[in-house]
Each structure stands twice: as C-alpha cells, then as structure tokens.
Amino acid sequence: MEDPFIRIEESGAVVPLSENVTTIGRGCAVDVRLSDPSVSRLHAEIVRRGPYAYVSDLGLSRNGTRVNGRLVARRVLEDGDVLTFGSARCRVGGIAREDFAAEVELRRSAAPELTRRELDVLTSLCRPALSDEAFVAPATAREIASDLVVTEAAVKQHLLRLYQKFRIPEGTNRRVRLANEVVALGLVRPLPPTGRPEPTQAPQPVPADLPANATIGAEVHDRRAS
C-alpha cells in the first residue's frame, strides 16, 4: 500500500504525510500550504501514530476544520476522507483500513460530533475528575464560565446542546450524568494551565486518556445552572 498522503483538490498537488506531524495552513513554513484566504496561517495538523492518523484543528481560525462535511476539533482519519480547512478542500489517502469488532464500532458511533468550544466546555466540566480524588462533583456552569472566560449564559446554552447530543434526559444530577458519559467515552482531555489561581488544589498531570475506572460523583442537589 502506498504511503499516507494528502491531496489538495484545487491544485491536485500531493504531499506525503510526515511520520510524525504534518502542519497545514496559509503560512510560509507549514508542510501543506493552502492559499485560500479562509485558511489560517497555522490552521491544523495531521498526526500519525503507527498505522493511524488523526487531524487536529489548532483553534487559530474562525472557519474551523471539517471531515466529510462535519466540523471537528480532533478526529481519527480513514482512507479517502475529505478534509476542509476553511473553504479549501483536501483528501487523504494511503491510510490502512481496519475492521473493528462490532462492540467497538458501536461504542465509537455513540460519541457525537463536537465543536471545539463544546470540547472546551466538556473538559472544564470534567476537570475535577483529573484530581487525585476518587469521587468528585463536576464543575458548575459558573466555574466553567470563569475557567473559559465566557459568560455563564453562554455556558448554559452549550450545556443544553450537549445534553441533547449525548441524549441526557432531564432530571436531577444532569451535569453528573453528562460528565460520566463523557468520561466513559474517553473524550476528556486535560486543559493546559491557565495561569489563574484555582479555587481548590490544582489537579496533578495525568495521561491524555482517563483510566477506565474514573468516576465522577453525583451531587446531592444539582444546581439550576445545569
């Protein structure tokens, strides 16, 4: 099988994917240079891990990154996927195909497509789970707003959409149920240090993926902010 590559649809140019990281953008020093004005100077990157590759939007553009038409923050790539950076379209090829067991495929399809900001909200929501304590409560809407430097109303709107995406029914401890679902799907990633003092002890560094037995404890009374 040929080595992994990315083809720029406008020009037809084919660029081999680096063995580690391939940068994509409009700047002069990137690996895959796109001249479209909707593309940021450093827009995204494709990372290879053994036979796998994933695209990661770097959050430096207003126009985002799409895979097969869906806006993504990070996504594992498959052979033939169409990537759109702003308005510039590319296609990846040469990626090994792999057959997943039925239960793995079902688990993967259970995770909805998320925007970059929704991923930020989920990571901040589950930040307490990155501490050394076994059972902790997820962050409140006010704490998430402070962490991300946005309004509490904006966080509540994001949470409402996330409840719908993850099919979390109304009821008590709704934020807890959402957080536990996110942890179970392995979607949580630690946020980089913000430089602002934390209200409690800062969490210790942990691996990118939480351990399978990580649990977020339920609160006795869920706040109206959820």
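Here the structure is shown first, and the text comes after it.
Keep in mind that what you see is a predicted model, and the values were worked out from it rather than measured. (Residues numbered from 1 in each chain as written. Predicted model: local features only at pLDDT ≥ 70, side-chain atom pairs only at ≥ 80, totals over all residues. Heavy atoms only, no water.)

Visitor: Any details on the overall build of the protein? Residues and values, ideally.
Guide: Each helix and strand in the protein was counted, giving five helices and 13 strands. Every one of the 226 residues in the protein was classed for burial, and the buried ones make up 40%. Counting contacts in the protein only where the partners sit at least 6 residues apart, residues at least 24 apart contribute 50% of the total. As presented, the protein carries roughly 13,300 Å² of accessible surface, and 51% of it is formed by carbon and sulfur atoms. (Helix = DSSP H or I, 4+ residues; strand = E, 2+ residues; numbered from the N terminus. Buried < 20%, exposed > 50% of the residue type's maximum accessible area, 1.4 Å probe, protein only. Contact = heavy atoms within 4.5 Å. Areas by Shrake-Rupley, 256 points an atom, 1.4 Å probe, with all protein chains shown as cover.)

Visitor: Break down the pattern of salt bridges for me, with residues and values.
Guide: Under the counting rule described, the total for this entry stands at 11 salt bridges. In this structure, Arg97 and Asp79 form a salt bridge, with 3.6 Å as the shortest nitrogen-oxygen distance. Of this pair, Arg97 sits in the loop between strand 11 (88-93) and helix 1 (102-109) while Asp79 sits in the loop between strand 9 (74-76) and strand 10 (82-85), and the two are 18 residues apart along the sequence. The exposure class assigned to Arg97 is exposed, which follows from its relative accessible area of 65%. Put simply, Lys165 and Glu118 hold a salt bridge, and the shortest N to O gap is 2.7 Å. With Lys165 in helix 4 (residues 152-165) and Glu118 in helix 2 (residues 116-125), this residue pair connects regions lying 47 residues apart in the sequence. (Salt bridge = Lys/Arg side-chain N within 4 Å of Asp/Glu carboxyl O.)

Visitor: Please set out the sheet that holds strand 1 (residues 5-8) residue by residue, giving values where relevant.
Guide: Pairing is antiparallel in the open sheet, where six strands are placed in the order 2-1-11-10-7-8. Looking at which strands have only one partner, the edges of the open sheet turn out to be strand 2 (14-16) and strand 8 (70-72). Across the sheet, the mean angle from the axis of one strand to that of its neighbour is 30 degrees, orientation sign disregarded. With four bridges connecting them, strand 10 and strand 11 associate as antiparallel partners. Bridge pairing links Thr84 to Arg89 in strand 11. (Pairing = 2+ DSSP bridges. Axes fitted to C-alpha atoms, helices over the stretch in contact; angles between N-to-C directions.)

Visitor: Pulling in residues and values, what's your account of the side chain of Arg175?
Guide: Within the element layout of this structure, Arg175 appears in helix 5 (residues 174-184). At a separation of 2.8 Å, a polar atom in the side chain of Arg175 contacts the main-chain carbonyl oxygen of Ala139. (Polar contact = N/O pair within 3.5 Å; in protein donor to acceptor, adjacent residues only side chain to side chain.)

Visitor: Account for unusual backbone geometry, with residues named and values stated.
Guide: Despite not being glycine, Asn68 shows a phi value in the positive range, around 55 degrees. With respect to the element layout, Asn68 can be found in the loop between strand 7 (65-67) and strand 8. Classification of Asn68 by relative accessible area gives partly exposed; the value is 43%. The phi torsion at Val149 lies on the positive side, around 55 degrees, for a residue other than glycine. Along the chain, Val149 turns up in the loop between helix 3 (141-148) and helix 4. For Val149, a relative accessible area of 63% puts it in the exposed group.

Visitor: So, the pairing of strand 3 (residues 21-25): which residues are in play, and what are the values?
Guide: Among the five residues in strand 3, four count as buried, and that is most of the element. As judged from the two bridges shared by strand 3 and strand 4 (residues 32-33), these two strands associate in the parallel manner. Each residue of the ladder has a partner; that of Gly25, found in strand 4, is Arg33.

Visitor: Can you tell me about the sheet that holds strand 9, naming the residues and giving the values?
Guide: The strand order across the open sheet formed by five strands is 4-3-5-6-9, and the pairing between neighbours is mixed. Since the sheet does not close on itself, it has two edges, and those belong to strand 4 and strand 9, each with one partner. For strand 5 (residues 44-49) and strand 6 (residues 52-57), the ladder comprises six bridges, and the chain directions are antiparallel. Bridge pairing links Arg48 to Ala53 in strand 6.

Visitor: Which residues make up helix 3, and what values do they have?
Guide: Listing the buried residues of helix 3 in full gives Ala141, Ile144, Ala145, Asp147 and Leu148. Buried residues of helix 3, viewed axially, fall in a sector of 165 degrees; they line one side. Looking at the residues trailing helix 3, positive phi occurs at Val149, about 55 degrees. (Arc of directions from axis to C-beta.)

Visitor: Help me get a handle on helix 2, residues and values and all.
Guide: Most of helix 2 is tucked away, with seven of its 10 residues classed as buried. Every buried residue of helix 2 is accounted for by Glu118, Leu119, Val121, Leu122, Thr123, Ser124 and Leu125.

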